[in-house]
Amino acid sequence: MMEARHKTYVKLNFVSLLFMAVSFISATLAWFAYSGIAGVSTEVNVKAWNIELTKDGDPVKNSVVMSLSEIYPGMEPVTELITLRNLGDSDAEVDYEVISARILGDPNDFFQIGVNGVTSEYMEDLISHGYPFSININLSKNYILSKGTEEVFEIAVSWPLDSGNDELDSIWGNKAHEFQESELLKKQQDENYQTLPSVQVEISLSAQQYLDIDTSSDIRYNLGDEILIDVINNNECYVISDTCIKSYIIDENNTIGDTKVTLLPNPLKTYEQANYNNYINTFNTLVSSWNVPTRHLLVEDIIKVISNDIKNSQIIIDSYSDRVLGNINYNNRLNTVITDTINKNGFFRFMNAKYNFLSSNNCYWTQSGYGELSGFALVKIDDTYSKVYGNLKENTCNVIPVIEINKSRL
């Protein structure tokens, strides 16, 4: 067993993660279109994208190329931020697509959007979960308000030293080393040769004037926003009391078309406690006098929220290196990640400072099971982290309902 777990990795010469983005671009792109350069993509190493949308401005796009020349097991995680600034008078919707991904120069690991049915969503899931290393992408919000407000576009790259699959770690560690050596040799033989990065991912950032349509993010209801709810009168209230309680939005991206807002009551409040087997009875007793729509809290609710932190939300498994939770939005990935974590007796960890509306010194249950003997619960680990973990069903934790209130009541 010890021999199987012994691995040797060659550390490659580090070349920093480069992002190439346009430093400033106007909404109409009139000059570029007139000049025949509508597909502008300027290779400038900057950390900001300034957009300026006019009332009838056309959508703007910009290419962000992530090139990583050094990648190896146990590498220090690399995170880069691009600040998106809206300098115009109109609110903007922002989005991104993964255009292509090329891994270690292998034709079998080169993917392009629209080729052989490949989609942006497929590639984003692949680079997050399909290799021992992980590349994750996140937008802080899907919109930017006008007149100089900012949001953040983030890319994070990591490769745990021990992913739990020794054979796969060794294969890809060797492939990374062999590829880099091959590129260096080509450069030695031909000084004009342009060496290829180990990993290159092209992403298209786009912005357009905010449209008040069903698929647009609802700017009134953002993840983590606080709302006071009167659980008897089933509407918003403004002074905390026994019936007017503090709650937080846990919808990852509430849209105009969503008729409801999903709320988690303040986990710091005192609630009825129960063991896991009495969860449903305790839940029913608690909400019996409430007139707001409620449901059980699920582990999926929590994982969807904390997965937005692509650097610090991690899967923790004994004897393995900590791994970034990553993208969980494609197909059945969310359930796959949860099931795999249960099977390996792991748990999910997130930062209190990032998701303080989830953190509590007192554990509280979800209604989701964790194997035969445990259920998923949440609790603070320390001042820095909280965890979503398997708690023995015989233990007691708070029971907190989820409120799903109609927007017409707010």
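Structure shown above.
Residues numbered from 1 in each chain as written. Predicted model: local features only at pLDDT ≥ 70, side-chain atom pairs only at ≥ 80, totals over all residues. Heavy atoms only, no water.

### Regarding the overall build of the chain
From N to C terminus, the chain includes seven helices and 25 strands. In the chain, which comprises 410 residues, the proportion classed as buried is 49%. For the chain, the share of sequence-separated contacts (at least 6 apart) that also reach a separation of at least 24 residues comes to 71%. Surface accessibility of the chain: about 19900 Å² in total, with carbon and sulfur atoms responsible for 46%. (Helix = DSSP H or I, 4+ residues; strand = E, 2+ residues; numbered from the N terminus. Buried < 20%, exposed > 50% of the residue type's maximum accessible area, 1.4 Å probe, protein only. Contact = heavy atoms within 4.5 Å. Areas by Shrake-Rupley, 256 points an atom, 1.4 Å probe, with all protein chains shown as cover.)

### Quick look at the state of the cysteines
According to the stated counting rule, one finds two disulfides in the structure shown. For Cys 237, the disulfide goes to Cys 244, at an S-S distance of 2.0 Å. What sets the handedness of the Cys 237 and Cys 244 disulfide is the S-S torsion sign, and at about 100° it is right-handed. The exposure class of Cys 237 is buried, given its relative accessible area of 11%. Shown here is the disulfide that connects Cys 363 with Cys 397, its sulfur atoms set 2.0 Å apart. The sign of the -100° torsion about the S-S bond sets the Cys 363-Cys 397 disulfide as left-handed. A residue pair is termed long-range when its members are at least 10 positions apart, and Cys 363 in the loop between β20 (347-351) and β21 (364-370) and Cys 397 in strand β24 (residues 396-398) qualify at 34 residues. (Disulfide = S-S within 2.5 Å.)

### A word on the environment of Glu 93
The topology assignment puts Glu 93 in strand β6 (residues 92-103). Along the chain, Glu 93 and Lys 141 lie 48 residues apart, while their C-alpha atoms are 9.0 Å from each other. Setting aside its immediate chain neighbours within four residues, Glu 93 contacts Asn 142, Tyr 143, Ser 206, Ala 207, Gln 208, Gln 209, Tyr 210, Leu 211 and Ser 216. Looking at Glu 93, its side chain comes within polar contact range of the main-chain nitrogen of Leu 211, at 2.7 Å. (Polar contact = N/O pair within 3.5 Å; in protein donor to acceptor, adjacent residues only side chain to side chain.)

### Considerations on the nonpolar core
Counting 55 residues, the largest nonpolar core has Ile 306, Phe 348, Leu 358, Val 388 and Ile 403 as the members making the most contacts within it. The dominant element in this core, judged by the number of residues it contributes, is helix α6 (residues 299-306), at five residues. Setting aside anything within four residues of it in sequence, one finds Phe 348 in contact with Ile 303, Ile 306, Gln 314, Ile 315, Leu 325, Val 337, Ile 338, Thr 341, Phe 376, Ser 386, Lys 387 and Val 388. Membership of the second largest hydrophobic core comes to 41 residues, among which are Val 60, Ile 82, Tyr 131 and Val 157. (Core = buried A, V, L, I, M, F, W, Y, C linked by side-chain atoms within 4.5 Å.)

### Regarding empty space enclosed by the protein
Scanning the entire structure with this criterion turns up one cavity of 30 Å³ or more. Estimated volume of the largest cavity: approximately 30 Å³. Lining the largest cavity are Pro 77, Thr 79, Ala 156, Val 157, Ser 158, Lys 311 and Val 324. Looking at the lining of the largest cavity, the element that brings in the most residues is strand β10 (residues 149-158), giving three residues. In terms of residue class, the lining of the largest cavity is made up of four nonpolar, two polar and one charged. (1 Å grid on protein atoms, 1.4 Å probe; cavity = no way out; pocket = protein on both sides within 12 Å on 5 of 7 lines; lining within 4 Å. Points joined across faces, edges and corners; volume = space filled by probe spheres on them. Nonpolar A, V, L, I, M, F, W, Y, C, P; charged D, E, K, R; others polar.)

### Focus: the pairing of β6
Counting buried residues in β6 gives nine out of twelve residues, a clear majority hidden from the surface. Sheet topology places β6 next to strand β11 (residues 199-209); eleven bridges connect them, and they run antiparallel. Along β11, the bridge assignment pairs Ala 92 with Gln 209. Of the strand pairs in this sheet, β6 and strand β7 (residues 110-112) are connected by three bridges, and their pairing is antiparallel. Each bridged residue has a counterpart across the sheet, and for Ser 100 the counterpart in β7 is Gln 112. From the end of β6 to the start of β7, which pair antiparallel, there are six residues, and Leu 104 there has a positive phi angle of about 55°. (Pairing = 2+ DSSP bridges.)

### Concerning the sheet that holds strand β14 (residues 244-249)
If you trace the six strands from one edge of the open sheet to the other, you get β13-β12-β14-β15-β25-β17, paired in antiparallel fashion. Edge positions in the open sheet fall to β13 (235-236) and β17 (294-295), since each of these has one partner strand only. Here strand β12 (residues 226-230) runs beside β14; their pairing, made up of five bridges, is antiparallel. Note that in β14 the partner of Ile 229 across the bridge is Ile 245.

### Some thoughts on the packing of α6 against helix α7 (residues 333-343)
Orientation of α6 relative to α7, taken along the N-to-C sense of each, is 105°, at an axis distance of 11 Å. Looking at the two axes, α6 sits roughly perpendicular to α7. Residues Val 299, Glu 300, Ile 303 and Lys 304 of α6 lie in contact with α7, whose contacting residues are Leu 334, Asn 335 and Ile 338. Among the residues forming the contact of α6 with α7, the class breakdown is four nonpolar, one polar and two charged. (Axes fitted to C-alpha atoms, helices over the stretch in contact; angles between N-to-C directions. Parallel < 35°, antiparallel > 145°, perpendicular 65-115°, else oblique.)

### Here we look at the packing of aromatic side chains
In this structure the tally under the stated criterion is 14 aromatic pairs. For the ring pair Phe 133 and Trp 172, a centre distance of 6.2 Å and an interplane angle of 85° mean the geometry is edge-to-face. Remark: Trp 172 occurs in helix α4 (residues 166-189) and Phe 133 occurs in the loop between α3 (120-129) and β8 (134-139); sequence separation between them is 39 residues. The ring centre of Tyr 271 lies 5.1 Å from the NZ or CZ of Lys 269, which sits over that ring. (Phe/Tyr/Trp six-rings, centres within 6.5 Å; stacked < 30°, edge-to-face > 60°. Lys NZ or Arg CZ within 6 Å of the ring centre and 35° of its normal.)

### Things to note about α7
Along an α-helix, a turn takes 3.6 residues, which lines up residues three or four apart on a common side. Taken together, the buried positions of α7 are occupied by Leu 334, Val 337, Ile 338, Thr 341 and Ile 342. Down the axis of α7, the smallest arc covering the buried residues is 130°, so these residues share one side. Against α3, α6, β18 (314-316), β20, β21 and β22 (374-380) lie the buried residues of α7. (Arc of directions from axis to C-beta.)

### Points about the side chain of Asn 234
Note that Asn 234 resides in the loop between β12 and β13. In contact with Asn 234, other than residues within four places in its own chain, are Asn 291, Val 292, Pro 293, Ile 405 and Arg 409.

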